[in-house]
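Now for the letters of each chain:
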Amino acid sequence: MASAGGERQVCLTVGRELRDLSRVTAWVHDWAEREHLPSRVVSNLDLCSTEVVTNIMNHARSEGEQHILLRLGWQGEDVALEVEDEGSEFDPRLVPPPTPVTSIHDARIGGWGIPIVRRFSDGVHYRHQDGRNCLTLLFRATAPPS
């Protein structure tokens, strides 16, 4: 990742404990503050990082202790969040959108993490390499109001 403003790239490794989500949020906000990102971009970055890490913590299957590696930096004029894990191969781009519901009785809890990430990021890229899922989310540093 190339630098547009400050540090070239920052990294964070967390385990599968939900308490680690607060570390992810603090890490995102600390970097975003140093990079002077607009509040809308910070909010989207925080929301998406939390959704992705939560999904990995709750759903990724792997042998032994699992670590989630996050990288945050610049990719051109975009902010790039890279997330890697050792879970089973899973490409979130292939998950179909949820079926619209017509009544409260048809609504279900859960299943909204991937649609949230699609909606609040500006690009989703995936590859499976060396037994690891590698997800990259892009955020325009000058995100227009939605």
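Above this text sits the structure in question.
Residues numbered from 1 in each chain as written. Predicted model: local features only at pLDDT ≥ 70, side-chain atom pairs only at ≥ 80, totals over all residues. Heavy atoms only, no water.

Trainee: Explain helix H1 (residues 21–34) here, please?
Mentor: An α-helix turns once every 3.6 residues. As a result, residues three or four positions apart point the same way. Helix length check: H1, at 14 residues, gives a terminal C-alpha distance of 20 Å against a target of 20 Å (1.5 Å per residue), a fit within 8%. Looking at H1, one finds that the buried residues are Leu21, Val24, Trp27, Val28, Trp31 and Ala32. Seen from one end, H1 has its buried residues packed into an arc of 125°, which puts them on one side. More than 90 degrees from the buried face of H1, the exposed residues found are Ser22 and Glu33. Where H1 is buried, its residues meet strand S1 (9–14), helix H2 (39–59), strand S2 (68–75) and strand S3 (78–85). (Helix = DSSP H or I, 4+ residues; strand = E, 2+ residues; numbered from the N terminus. Expected span 1.5 Å × (residues − 1). Buried < 20%, exposed > 50% of the residue type's maximum accessible area, 1.4 Å probe, protein only. Arc of directions from axis to C-beta. Contact = heavy atoms within 4.5 Å.)

Trainee: What exactly am I supposed to notice about the pattern of salt bridges here?
Mentor: For the structure on display, the rule yields nine salt bridges. In this structure, the salt-bridge partner of Arg71 is Glu82, at a minimum N-O distance of 3.1 Å. Of this pair, Arg71 sits in strand S2 while Glu82 sits in strand S3, and the two are 11 residues apart along the sequence. The two residues Arg71 and Glu82 agree in class, both being buried. Several salt bridges share partner residues, and in doing so they unite Arg71, Glu82, Glu84, Glu86 and Arg132 into one network. (Salt bridge = Lys/Arg side-chain N within 4 Å of Asp/Glu carboxyl O.)

Trainee: For this particular structure, what's the right way to read the pairing of S1?
Mentor: Each regular strand carries side chains that alternate between the two faces of the sheet. Of the two faces of S1, the one lined by Val10, Leu12 and Val14 is fully buried and the one lined by Gln9, Cys11 and Thr13 carries no buried residue. Where S1 meets S2, six bridges bridge the pair, whose relative direction is antiparallel. The residue bridging Gln9 from the neighbouring strand is Gly73, located in S2. (Pairing = 2+ DSSP bridges.)

Trainee: Explanation requested: the packing of aromatic side chains in the structure shown.
Mentor: Ring pairs (aromatic) are described by centroid distance and by the angle formed between their planes. Taken as a whole and assessed by the stated rule, the structure comprises one aromatic pair. Taking the centre distance of 6.0 Å and the plane angle of 50° together, the rings of Trp31 and Trp74 count as tilted. Placement of Trp31 in helix H1 and of Trp74 in strand S2 is noted, with a sequence separation of 43 residues between them. Classification of Trp74 as buried rests on a relative accessible area of 6%. Across the ring face of Phe120, the terminal group of Arg119 is positioned such that the distance to the ring centre comes to 5.0 Å. (Phe/Tyr/Trp six-rings, centres within 6.5 Å; stacked < 30°, edge-to-face > 60°. Lys NZ or Arg CZ within 6 Å of the ring centre and 35° of its normal.)

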